[in-house]
Amino acid sequence: MGRQTTTPLHRQLETIRQQMTDAQRHPGFRTDRAGVADEGRTHQMVDSLGIALLRSDRTGTITYANSNAAKLLGYTLADLVGGDGSDLWGNATVGGAPIRTNGYPIAVRTKDGSTRWCHAFVSELPDASGVDIGLVDVTEGHEHRCEIEASEALFRSAFENGPIGMYITDGNVDGILSNQALQAMLGRTAEQMNAVSFTDLFPEDIAVEAANVARRFVDGTQDAGHITTKAFRSDGSE
């Protein structure tokens, strides 16, 4: 497994875990009034952050769940506690807990069979009897990211494989990316295209105008336009 990515939510949950006493990690460990009060405050903090908190033993059986977990997963607490964790996050587990995936969310099944995408935070209990599992619902953001990635993949395919020469530039009119059609047209490799300025491709009398049009495209003051001109190949031919 790769290095675990640290996020603000990771840090929040880890801070809470570090502040928890044995009594807070193991309800009933202490029965004195101070221990009960400390445990109550810890649960209030977790609940206020919207974190679904569960505890699983080494067999994967859920031994504890908070109200956020029941709400997220669509179960009553009575149905959730005593259930099999694999019903929620599948069989890919370590010690009954979901495998962490370097900051990427995991798929968690709810009672009605739908999927919620959650960041999972797993912390082993001090006596190694099981783990605490925090789930933070990021379904909306995850699905939005998937839509963006699909859109980007479609654009990249059209850009790289299209028959029209295309070029991406920045506000300094430096080359960022060119496609294969443009590279073939100008007789340059991708590395050679990236090494030249946009203006180096055109005759001197048109280069300034072309650069200004490109800058207006980049800063959003012009949406469309065209210039008819010559372009130079790497050997100097037009």
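Residues numbered from 1 in each chain as written. Predicted model: local features only at pLDDT ≥ 70, side-chain atom pairs only at ≥ 80, totals over all residues. Heavy atoms only, no water.

A. Representation of the nonpolar core within the structure. The biggest cluster of nonpolar side chains holds 18 residues, and the ones touching the most others in it are Leu54, Leu73, Leu80, Leu88, Val108 and Leu135. Elements supplying a minimum of two residues to this core: β1 (52–57), β2 (62–65), α4 (67–73), α6 (86–89), β5 (106–109), β6 (115–124) and β7 (130–137). Excluding anything up to four places from it in sequence, Val108 contacts Leu73, Leu88, Ser114, Thr115, Arg116, Cys118 and Leu135. Judged by nonpolar contacts, the second largest core, of 11 residues, contains Leu182, Leu186, Phe198 and Ile206. (Core = buried A, V, L, I, M, F, W, Y, C linked by side-chain atoms within 4.5 Å. Buried < 20%, exposed > 50% of the residue type's maximum accessible area, 1.4 Å probe, protein only. Helix = DSSP H or I, 4+ residues; strand = E, 2+ residues; numbered from the N terminus. Contact = heavy atoms within 4.5 Å.)

B. Just the sheet that holds β5, in detail. Taken together, the five strands give an open sheet; going across it, the order is β2-β1-β7-β6-β5, and neighbouring strands pair in antiparallel fashion. With one partner strand each, in any of the chains shown, β2 and β5 form the two edges of the open sheet. The sheet shows a mean angle of 40° between the axes of neighbouring strands, taken without regard to direction. Note that β5 and β6 share four bridges and pair antiparallel. In the strand pairing of β6, Ile106 is matched with Cys118. (Pairing = 2+ DSSP bridges. Axes fitted to C-alpha atoms, helices over the stretch in contact; angles between N-to-C directions.)

C. Structural context of the pairing of β6. Linking two consecutive strands that pair antiparallel, namely β5 and β6, is a turn of five residues; a positive phi of about 90° is found at Gly113 within it. Pairing geometry for β6 and β7, over seven bridges, is antiparallel. Looking across to β7, one finds that Phe121 is bridged to Gly134. Two successive antiparallel strands, β6 and β7, enclose a turn made up of five residues, where Ala128 displays a positive phi of approximately 60°.

D. Molecular detail of the pattern of salt bridges. Counted according to the given criterion, the structure contains six salt bridges. Between Arg116 and Asp137 there is a salt bridge, with the nearest N and O atoms lying 2.7 Å from each other. Of the two residues, Arg116 sits in strand β6 while Asp137 sits in strand β7, which places them 21 residues apart along the sequence. Taking relative accessible area as the criterion, Asp137 reaches 33% and is therefore assigned partly exposed. (Salt bridge = Lys/Arg side-chain N within 4 Å of Asp/Glu carboxyl O.)

E. Spotlight on the layout of surface pockets. The computed volume of the largest pocket comes to approximately 620 Å³. Taken together, 21 residues make up the lining of the largest pocket; nearest its centre are Gly165, Tyr167, Phe198, Phe202 and Phe217. For the lining of the largest pocket, the secondary-structure elements that each account for two or more residues are β8 (167–169), α8 (180–186) and α10 (204–219). A total of five residues in the lining of the largest pocket trace back to one element, the largest contributor, which is α10. (1 Å grid on protein atoms, 1.4 Å probe; cavity = no way out; pocket = protein on both sides within 12 Å on 5 of 7 lines; lining within 4 Å. Points joined across faces, edges and corners; volume = space filled by probe spheres on them.)

F. Looking closely at the side chain of Gln222. Turning to its location among the elements, Gln222 is positioned in the segment after α10. At a separation of 3.1 Å, a polar atom in the side chain of Gln222 contacts the main-chain carbonyl oxygen of Ala224. With residues up to four places along the chain from it excluded, the contact list for Gln222 reads Val213, Arg216 and Phe217. (Polar contact = N/O pair within 3.5 Å; in protein donor to acceptor, adjacent residues only side chain to side chain.)

G. Broad picture of helix α7 (residues 139–161). With 23 residues, α7 extends 33 Å between its outermost C-alpha atoms, agreeing within 8% with the 33 Å of an ideal straight helix rising 1.5 Å per residue. Inspection of α7 places Thr139, His142 and Phe159 among the buried residues, and these make up the whole buried set. (Expected span 1.5 Å × (residues − 1).)

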